[in-house]
Amino acid sequence: MTAELVNLASRVLGAGVVAASDDAFGAKESLVVDGDPDTTTGRFSLVGEIVDGWETRRRRTPGHDWALVRLGAPGLVRRVVVDTRGFTGNFPARYAVDACAVAGHPAPADLLDASTTWHPLVPLTPLASSGTATHDVDGPAAGTRWTHVRLRQEPDGGIARLRVLGTPVPDPSWFDEGPVDLLAQGLGGLVTSWSDAFYTRPEVLTRPDLPRTMGEGWEARRRRDDGHDWAVVRLVAAATPRVLEVDTSYYVYNASSHVAVHGAASGDVPDGTAPAADDDVWFPLLPMTALQPDTRHRFVLDPLPRNRSDVAWLRLDVFPDAGLSRVRLHGTPTAAGRASLQRAWERARPA
């Protein structure tokens, strides 16, 4: 199984809804909550039915409603998903999405100022009742690094979730002050393939938050054969790793019993294609090592072999099956890795 895109508007990555025209019936902050909306009906507060989404009051004058979203990971937007599940008679007739690129930490007033230029990602598009609308982004907008999006709905109504799928493009200067987590989802690390995701998908391994339950880790089905589970992760950039963290928090009775970790160098995968788990490019970073349940383990890694200058890909092997919460790989990009981050940054700058 494989993955390609990250939800740049994930609350876990730091996304937030910084302003909205109105959220009388449903909090604007619900738009970026991870997980499916609660569509339970028949519950009421003093102002109306309790909904899990952003819902505005009925408009009696011309106009539309809007919400401004700070992306948790600024980057290239490839796809937008608008979810109206739970809104059956009160969904908007149409929606549109725009984006802007503003450096620093702008206040809502800065984003609303006439000097801020918004660029269309999704044109005004009809919406349906209690479903999901997906729109692929193309053209120049797909190649630009955006920091904020504006969701517009006409004339009013309820939207449960907004997903902004794409590729993070981190500011390369963030890597100049010391070691970072080279697998971090918000910086561009990506779980590209895995052996099994029966209960939960391994993309959660590289999230920046700490798990709160076993349900927020990677759990595979129980193995009844002699094999093992694995996941391949693309690093943020070619780098020199120093410390590996393997976390089995909340896996009390079904944690993986052992782990082994291998790396692949950028020079061994020249076209950037993710290596297969059984390719011959992998070299050992951590030998087979016992794990304890419900424990955050830290391992100082040995220097890279003489014939390897960096690590660009990581293969995580867990035995006999997957029961992990998080994996971190701390280190620094090589000079070539730092240069690749700079090139990506410059390519994605707004015209």
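Scroll up to find the structure.
Predicted model, so just to flag it, every value in this text is computed and none were measured. Residue numbers here run from 1 along each chain, matching the order of that chain's written sequence. Only residues with pLDDT of at least 70 are given local features in this predicted model, and only at 80 or more are side-chain atom pairs given and counted; all residues enter the totals for whole chains, interfaces and linings. Heavy atoms throughout the structure, all of them, feed into the side-chain values; hydrogens and water do not.

*Asks:* How should the packing of aromatic side chains be read in this particular structure?
*Replies:* Here a pair means two rings of Phe, Tyr or Trp (six-membered ring of Trp) with centres within 6.5 Å. Their orientation is stacked below 30 degrees between planes, edge-to-face above 60, and tilted elsewhere. This model, assessed by the stated rule, comprises one aromatic pair. Here the aromatic rings of Phe-198 and Tyr-199 are separated by 4.8 Å at their centres, their planes lie at 85 degrees, and the arrangement is edge-to-face.

*Asks:* How should the side chain of Thr-240 be read in this particular structure?
*Replies:* On the secondary structure map, Thr-240 appears in strand β14 (residues 229-247). Contacts are assigned to residue pairs that have any heavy atoms within 4.5 Å of one another. Not counting residues up to four positions away in its chain, the partners in contact with Thr-240 are Leu-182, Gly-331, Thr-332 and Thr-334. In this description a helix means any DSSP run of H or I spanning at least four residues, a strand means any run of E spanning at least two, and both kinds are numbered starting from the N terminus.

*Asks:* When you look at the nonpolar core in this model, what are you seeing that I'm missing?
*Replies:* Soluble globular proteins tend to bury their nonpolar side chains together. Residues belong to one nonpolar core when they are buried, are Ala, Val, Leu, Ile, Met, Phe, Trp, Tyr or Cys, and are joined through side-chain atoms within 4.5 Å. Whether a residue is buried, partly exposed or exposed follows from its accessible area with a 1.4 Å probe, protein chains only, as a fraction of its type maximum: under 20%, in between, or over 50%, in that order. The biggest cluster of nonpolar side chains holds 39 residues, and the ones touching the most others in it are Leu-244 and Leu-316. Taken together, the elements giving at least two residues each to this core come down to β12 (190-194), β14, β15 (258-264), β16 (283-290), β18 (311-319) and β20 (326-333). When near neighbours in sequence (up to four residues on either side) are disregarded, Leu-316 contacts Leu-205, Trp-218, Asp-229, Trp-230, Ala-231, Val-259, Ala-260, Val-261, Leu-324 and Val-327. Counting 33 residues, the second-largest nonpolar core is a separate cluster that includes Val-17, Trp-54, Trp-146 and Val-164.

*Asks:* Is there a simple way to think about the pairing of strand β17 (residues 296-300) in this case?
*Replies:* It is a general feature of regular strands that their side chains alternate between the two faces of the sheet. With burial as the criterion, only one face of β17 is covered, namely that bearing His-297 and Phe-299; the residues Arg-296, Arg-298 and Val-300 on the opposite face remain uncovered. Being paired, for any two strands, means DSSP has found at least two bridges between them. One ladder, built from five bridges, connects β14 with β17; its direction is antiparallel. Bridge pairing in β17 places Leu-244 opposite Phe-299.

*Asks:* It is not clear to me how a nonpolar patch on the surface should be interpreted in this structure. Could you clarify?
*Replies:* For patch building, the residue pool is restricted to those with more than 30% relative accessible area and no salt bridge; the joining distance is 9 Å between like charges and 5 Å between nonpolar side chains (Val, Leu, Ile, Met, Phe, Trp, Tyr). What sets the accessible areas is the Shrake-Rupley method with a 1.4 Å probe; for residues, cover comes only from the shown protein chains. We define a salt bridge as a side-chain nitrogen of Lys or Arg found within 4 Å of a carboxyl oxygen belonging to Asp or Glu. Together, Phe-25, Leu-46 and Val-47 make up a nonpolar patch on the protein surface, roughly 370 Å² of accessible area in all. Secondary-structure assignment places Val-47 in the loop between β2 (16-20) and β3 (54-55). Its relative accessible area of 57% is what places Val-47 among the exposed residues.

*Asks:* Help me understand the pattern of salt bridges in this model?
*Replies:* Enumeration according to the criterion identifies 23 salt bridges in this entry. With a shortest N-O distance of 3.0 Å, Arg-223 and Asp-225 are connected by a salt bridge. Among the ionic pairs, Arg-296 bridges to Asp-247, the shortest N-O distance being 3.5 Å. Of the two residues, Arg-296 is situated in strand β17 and Asp-247 in strand β14; the sequence distance between them amounts to 49 residues. A residue is classified by how much of its surface remains accessible, and Arg-296, at 36% relative accessible area, is partly exposed. Among the residues examined, Asp-247 registers a relative accessible area of 0% and is labelled buried. Through salt bridges with shared partners, a single ionic network connects Asp-36, Asp-83 and Arg-85.

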